[in-house]
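This is what each chain is made of:
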Amino acid sequence: MTRDTVKNALRRVHSSTLHNTTIEVYEPSVSYDQGDGWSVSYPDLPNAAYDARVDSPSADSDRDRSGTTSEIDVIVRVRDDTGQQWTGWGEETSAPVRILDAADQTMYELQTVVDQHNGTLELEAVEV
């Protein structure tokens, strides 16, 4: 099986079985005013909604890549073919995307995007 076949299969399974909630995505609007500095605002209504799996980070702080999960509150898994621009702090003029977990109405800010190279993305986020 090719890598694309495996990715497509995992995307289908994620959409049909693996997701445990729906997330609503709020994209920031960033503006700069001379003398006032940067301002960030978020829309009242979501820009998009996706099936997702929201899990607590691993209890152990060991990771395959450098760093730990001790700084994040949740890991959100979504399909990698949504077309959504996922931005965290320090990207795209330093304003993170906000994610609302529709199941419990908890708002999160995206910190890091990790491409799993298997048809899904892991979004590491902190509660707002």
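Residues numbered from 1 in each chain as written. Predicted model: local features only at pLDDT ≥ 70, side-chain atom pairs only at ≥ 80, totals over all residues. Heavy atoms only, no water.

## Some words on the sheet that holds strand 7 (residues 106-115)
The criterion, for reference: Any two strands with at least two DSSP bridges between them are considered paired. A helix here means a DSSP run of H or I that spans at least four residues, while a strand means a run of E at least two residues long, and both kinds are numbered starting from the N terminus. Orientation is described by axes fitted as lines to C-alpha atoms, over the contacting stretch for helices, and by angles from 0 to 180 degrees between their N-to-C directions.
Strand order around the closed barrel formed by six strands is 1-4-5-8-7-6, with antiparallel pairing between neighbours. Neighbour to neighbour, the strand axes of the sheet diverge by 45° on average, direction disregarded. Here three bridges tie strand 4 (residues 48-55) to strand 5 (residues 74-79), and the two strands are oriented antiparallel to one another. Note on strand 5: the bridge partner recorded for Val54 is Val76.

## Thoughts on the confidence of the model for the protein chain
Put simply, the rule is: Each residue gets a pLDDT score, which is the predictor's confidence in that residue and runs from 0 to 100. Contact definition: two residues touch when any of their heavy atoms are within 4.5 Å.
Per-residue pLDDT for the protein chain averages 82, and the proportion of residues at 70 or more is 79%. Of all the helices and strands in the protein chain, helix 1 (residues 3-18) carries the lowest mean pLDDT, 68, while strand 6 (residues 98-101) carries the highest, 96. Taken together, the stretch residues 61-66 has pLDDT below 50 and engages in eight contacts with residues farther than four places along the chain or on a different chain.

## Considerations on the pattern of salt bridges
Selection rule: A pairing counts as a salt bridge when a side-chain nitrogen of Lys or Arg comes within 4 Å of a carboxyl oxygen of Asp or Glu. The buried label goes to any residue with under 20% of its type's maximum accessible area, the exposed label to any with over 50%, and the partly exposed label to all in between, with areas taken from a 1.4 Å probe on protein chains only.
Scanning the entire structure with this criterion turns up five salt bridges. Measuring nitrogen to oxygen at the nearest pair gives 3.0 Å for the salt bridge that ties Glu109 to Arg98. Residue Glu109 is found in strand 7, and its partner Arg98 is found in strand 6; the two are separated by eleven residues along the sequence. Judged by its relative accessible area of 11%, Glu109 is buried. Counted as one network, the salt bridges with shared partners bring together Arg53, Asp55, Arg77 and Glu122.

## Side note on the environment of Thr120
Going by this rule: Between N or O atoms, a polar contact is any pair within 3.5 Å; within protein, one atom must be a potential hydrogen donor and the other a potential acceptor, and residues adjacent in sequence are included only when both atoms are from side chains.
Turning to its location among the elements, Thr120 is positioned in strand 8 (residues 120-127). Judged by its relative accessible area of 8%, Thr120 falls in the buried class. For Thr120 and Thr82, which are 38 residues apart along the polypeptide, the C-alpha to C-alpha distance reads 9.9 Å. In terms of polar contacts, Thr120 uses its side chain to reach the side chain of Asn118, at 2.7 Å.

## Topic: the side chain of Glu122
Take Glu122: it is sitting in strand 8. You can call Glu122 buried: its relative accessible area is 11%. Only 3.2 Å separates the side chain of Glu122 from the side chain of Arg77, close enough to count as a polar contact. For Glu122, the contacting residues outside a window of four places in its chain are Ile75, Val76, Arg77, Thr112, Val113, Val114 and Gln116.

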